[in-house]
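What follows is the residue order along each chain.
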Amino acid sequence: MANTVNTNLQNNIISQSALEAFTSRLAPVQAFSTSFNDEAAQRGKTISITTLSNTSSAANFSGTYSSQDTTYGATQITLEKHKFVSWHITDTERSESSAVELQRFGYQKGGDLAKAVFEDILSEVTVANYPDAAGFTGLASTFDADDVADLRQDMIDENVPIEQCALVLGNAYYTSLLKDTSISKAFDYGGTEAIRGGEIPSLFGIGYIFETASIPDNSENLIGFIVHPSAMAVAMRYLQPTNSKEYIAARRLYDDSTGMVLGYREFYDASTGTQTAVLEAVYGFEVALSGSLRRMISA
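Keep in mind it's a predicted model, so treat the numbers as computed, not measured.

(A) Spotlight on the side chain of aspartate 154. Residue position: aspartate 154 is located in helix α4 (residues 145-157). Note on aspartate 154: relative accessible area 17%, which makes it buried.

(B) Helix α5 (residues 171-179), seen in detail. Listing the buried residues of α5 in full gives Tyr173, Tyr174, Ser176 and Leu177. Along the axis of α5, the buried residues cluster in a sector spanning 155°; they form a single face.

(C) Local environment of unusual backbone geometry. You will see that phenylalanine 204, though not glycine, has its phi angle at about 55°, which is positive. Positionally, phenylalanine 204 belongs in the loop between α8 (193-197) and β7 (208-212). Assessed through its relative accessible area of 38%, phenylalanine 204 is described here as partly exposed. Backbone geometry places asparagine 221, a non-glycine residue, at a positive phi of 65°.

(D) Structural context of the nonpolar core. With 44 residues, the main nonpolar core has Phe22, Leu26, Val29, Phe32, Ile121 and Leu279 as its most contacted residues. In this structure leucine 279 touches Ala18, Lys83, Phe84, Val85, Trp87, Lys109, Gly110, Leu113, Leu253, Leu262, Gly263 and Tyr264, once residues within four positions along its chain are discounted. Of all hydrophobic cores here, the second largest spans 23 residues; its members include Ala140, Tyr173, Tyr174 and Met296.

Criteria and thresholds
Residues numbered from 1 in each chain as written. Predicted model: local features only at pLDDT ≥ 70, side-chain atom pairs only at ≥ 80, totals over all residues. Heavy atoms only, no water. Helix = DSSP H or I, 4+ residues; strand = E, 2+ residues; numbered from the N terminus. Buried < 20%, exposed > 50% of the residue type's maximum accessible area, 1.4 Å probe, protein only. Arc of directions from axis to C-beta. Core = buried A, V, L, I, M, F, W, Y, C linked by side-chain atoms within 4.5 Å. Contact = heavy atoms within 4.5 Å.

By themselves, these figures tell us nothing about what the structure is for.
Given below as structure tokens:
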């Protein structure tokens, strides 16, 4: 006999599961300069994000303190992007749904939205926007810790703090790192994360390493990149309905740990006995400092 789940409980189960999947799969976007918070905004609003990169070298004091130049600026982002996923459930289906089924359903939808948003943002990671030579070229089977060290050198040559950088890899290349004996062997790596949990939290001082299956090819064989946050700016806000009374539910979904925010809407069609839910993301992004990202390509 199927479980009957209260309508309000359904909303919470689906929306929270969706938020969990969204933030998990979109985690690599935190490698960029971001402005995520749960304040309400309309599509088209402009957000200003500070980008700070390399600074001047120390100078000799000669009687006066001169003002040194710093690559410092504010990137303007317009919230012009608006993606959503939706689904519906009939009165009969709702009465037959269990909490477990709803949780899985919400997680899938949140993941679908995150994939679309992430691929859209990474569409800007091209040779036109980041013209430096690729930091790595080759198949996944040839990628190892030595290549990560070379990428590290590339970023240090750009005079950016390596501990603030992140390495974002397609899953095949991340898997090659896991197989590298200098990482998989706990006594060499200095921790059991790789062999026990499949995680590489840090390597050669690079602060963050992310694995993802959602890196778009961009018709340039892109498979990953090493990046300082100043390379791109990304903003996201909650789109508040003009009249929330028209909905069964209309609220923001906010993740405290990442600051990522989504919108959740739900409405009912009495003529068909169908309840429709919408999960949406309103965001924008802009290329900032081109020298702060080094692409990786397969060929």
